[in-house]
Amino acid sequence: TQSVAPLLAEKLPVENLITTRTLKIIGVGESTVEQNITPALSEFISGGLEIGYCARAGEVDVRLTASGEGGVERIAQAEAIVCEKLGARIYGVDDEQLEEILIRQLTASGQTLAVAESCTGGLLTHRLTNVPGASAVFLAGHCTYSNAAKQNTLGVLPETLAEHGAVSEPVARQMAEGTRAKHGADYALATTGIAGPDGGTAEKPVGTVFIVYATPEGTDVVNACFATDRVTFKQLVVQQAMNELRLKICK
């Protein structure tokens, strides 16, 4: 990057400059994204703008490409239209990752985070601590997979587990609130769910998850179902957990 790229630029100058911008979108499918933005960008597409889509678990990348003179301006105009259409579903640009955005938000606001994980098995903590500088805002991550760990580490009540089961809103609430109190964090996240392939019931099918946010304003719960394989399930839960907190901090 530092030596070969400049040499190539000198010896083989670009005759037709290409400008690209990638918008990172979460919580909506590729076809829905396309239906929302394609009509609004029809004039730009007629003028040579190219749109590419890349779908991953819980996310869609929209890549805008323009070539020739004025490409930067056309990309900026197209990006503004996409942002208007998709709003807060856009969490970042180019190579940004959701965990980077979240750590940046917490750092900017001077707030801290601790997490308690069951079904995600430490993946949320792993993602957050991959970000340089996370230690300034990330206080602790607990992987409380067993009921005993939930009780001993987070203060979940035995009677709550007995009455509602480990995968339930009351247990998830106690996990998050216990973690926030234990570490004095501004925010706490907790995840508990059924990753499968076994363990589901008619009331709580495989893929059921409770994600809880303990915040200075109170405790909020998201109850979702991601009926997929274990690895993808964990990825989707972590993505939603980080995104919901990102939106809360943005308010």
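Residues numbered from 1 in each chain as written. Predicted model: local features only at pLDDT ≥ 70, side-chain atom pairs only at ≥ 80, totals over all residues. Heavy atoms only, no water.

**Quick word on the overall build of the protein**
Thought 1: Helix and strand counts for the protein stand at 10 helices and nine strands.
Thought 2: Considered along the principal axes of its C-alpha atoms, the protein spans approximately 70 × 40 × 35 Å.
Thought 3: For the protein, with 251 residues in total, the buried portion stands at 45%.
Thought 4: Long-range contacts, defined here as pairs at least 24 residues apart, represent 65% of the contacts in the protein between residues at least 6 apart.
Thought 5: As displayed, the protein has an accessible area near 12500 Å², and 50% of this comes from carbon and sulfur atoms.
Thought 6: Between the averaged position of the 20 positive side-chain charges in the protein and that of its 29 negative side-chain charges there is a distance of 4 Å. (Helix = DSSP H or I, 4+ residues; strand = E, 2+ residues; numbered from the N terminus. Buried < 20%, exposed > 50% of the residue type's maximum accessible area, 1.4 Å probe, protein only. Contact = heavy atoms within 4.5 Å. Areas by Shrake-Rupley, 256 points an atom, 1.4 Å probe, with all protein chains shown as cover. Lys, Arg positive; Asp, Glu negative; His and termini not counted. Charge placed at Lys NZ, Arg CZ, Asp CG, Glu CD.)

**Looking at the packing of helix α2 (residues 30-37) against helix α4 (residues 71-86)**
Thought 1: Interhelical geometry of α2 versus α4 gives an angle of 115° and a closest axis separation of 10 Å. The handedness of the crossing between α2 and α4 comes out as right-handed. Within the contact between the two elements, α2 uses Val 33, Asn 36 and Ile 37 and α4 uses Val 82, Lys 85 and Leu 86. (Axes fitted to C-alpha atoms, helices over the stretch in contact; angles between N-to-C directions. Left-handed = near helix turned anticlockwise from the far one by under 90°.)

**A look at the state of the cysteines**
Each disulfide consists of one covalent bond between the sulfur atoms belonging to two cysteines.
Thought 1: What the rule picks out here adds up to zero disulfides.
Thought 2: Between Cys 225, a free cysteine, and Cys 119, which holds the nearest cysteine sulfur, the sulfur-to-sulfur gap is 12 Å.
Thought 3: You can call Cys 225 partly exposed: its relative accessible area is 44%. (Disulfide = S-S within 2.5 Å.)

**Here we look at unusual backbone geometry**
Thought 1: For the bond running from Gly 196 to Pro 197, omega is 5°, close enough to zero to count as cis.
Thought 2: Position of Pro 197 among the secondary structure elements: in the loop between β7 (187-193) and β8 (208-215).
Thought 3: Positive phi is not limited to glycine here, since Asp 94 has a value of about 55°.
Thought 4: Here Asp 94 shows up in the loop between β4 (90-93) and α5 (98-109).

**Here's the deal with the environment of Thr 112**
Thought 1: Along the chain, Thr 112 turns up in the loop between α5 and β5 (113-117).
Thought 2: On a C-alpha basis, the gap between Thr 112 and Ala 214 in space is 12 Å, while along the polypeptide they are 102 residues apart.
Thought 3: Those residues in contact with Thr 112, other than ones at most four positions away along the chain, are Val 137, Leu 139, Gly 184, Ala 185, Asp 186 and Tyr 187.

**Description of the packing of aromatic side chains**
For any pair of aromatic rings, the description rests on two quantities: the centre-to-centre distance and the angle between the ring planes.
Thought 1: Evaluated as defined, the whole model comprises zero aromatic pairs.
Thought 2: Over the face of the ring belonging to Tyr 213 we find Lys 248, whose NZ or CZ atom lies 5.1 Å from the ring centre. (Phe/Tyr/Trp six-rings, centres within 6.5 Å; stacked < 30°, edge-to-face > 60°. Lys NZ or Arg CZ within 6 Å of the ring centre and 35° of its normal.)

**Observations concerning the sheet that holds β5**
Thought 1: Strand order in the open sheet made by the five strands is β6-β5-β7-β8-β9, with mixed pairing throughout. Strand pairing shows two members of the sheet lacking a second neighbour, β6 (138-143) and β9 (218-225), which therefore form its edges. Put simply, the sheet's adjacent strands are angled 10° from each other on average, direction ignored.
Thought 2: Here β5 runs beside β6; their pairing, made up of five bridges, is parallel. Paired with Leu 113 across the bridge in β6 is Phe 138.
Thought 3: Contacting β5, β6, β7, β8 and β9, helix α9 (residues 169-183) runs over the sheet at an angle of about 150° to β7.
Thought 4: Its contacts with the sheet put helix α10 (residues 230-250) on β5, β7, β8 and β9, and the angle it makes with β8 is roughly 30°. (Pairing = 2+ DSSP bridges.)

**Here's the deal with the sheet that holds β4**
Thought 1: Strand order in this open sheet of four strands is β2-β3-β1-β4, and the pairing throughout is antiparallel. Of all strands in the sheet, those bounded by a partner on one side alone are β2 (50-56) and β4. In this sheet, adjacent strand axes meet at a mean angle of 25° when their direction is disregarded.
Thought 2: Relative to strand β3 (residues 59-67), strand β1 (residues 18-26) runs antiparallel, the two sharing nine bridges. Directly across from Thr 22, in β3, lies its bridge partner Arg 63.
Thought 3: α2 contacts β1, β2 and β3 of the sheet and is inclined by roughly 155° relative to β2.

Function-wise, these values are silent; they only describe arrangement.
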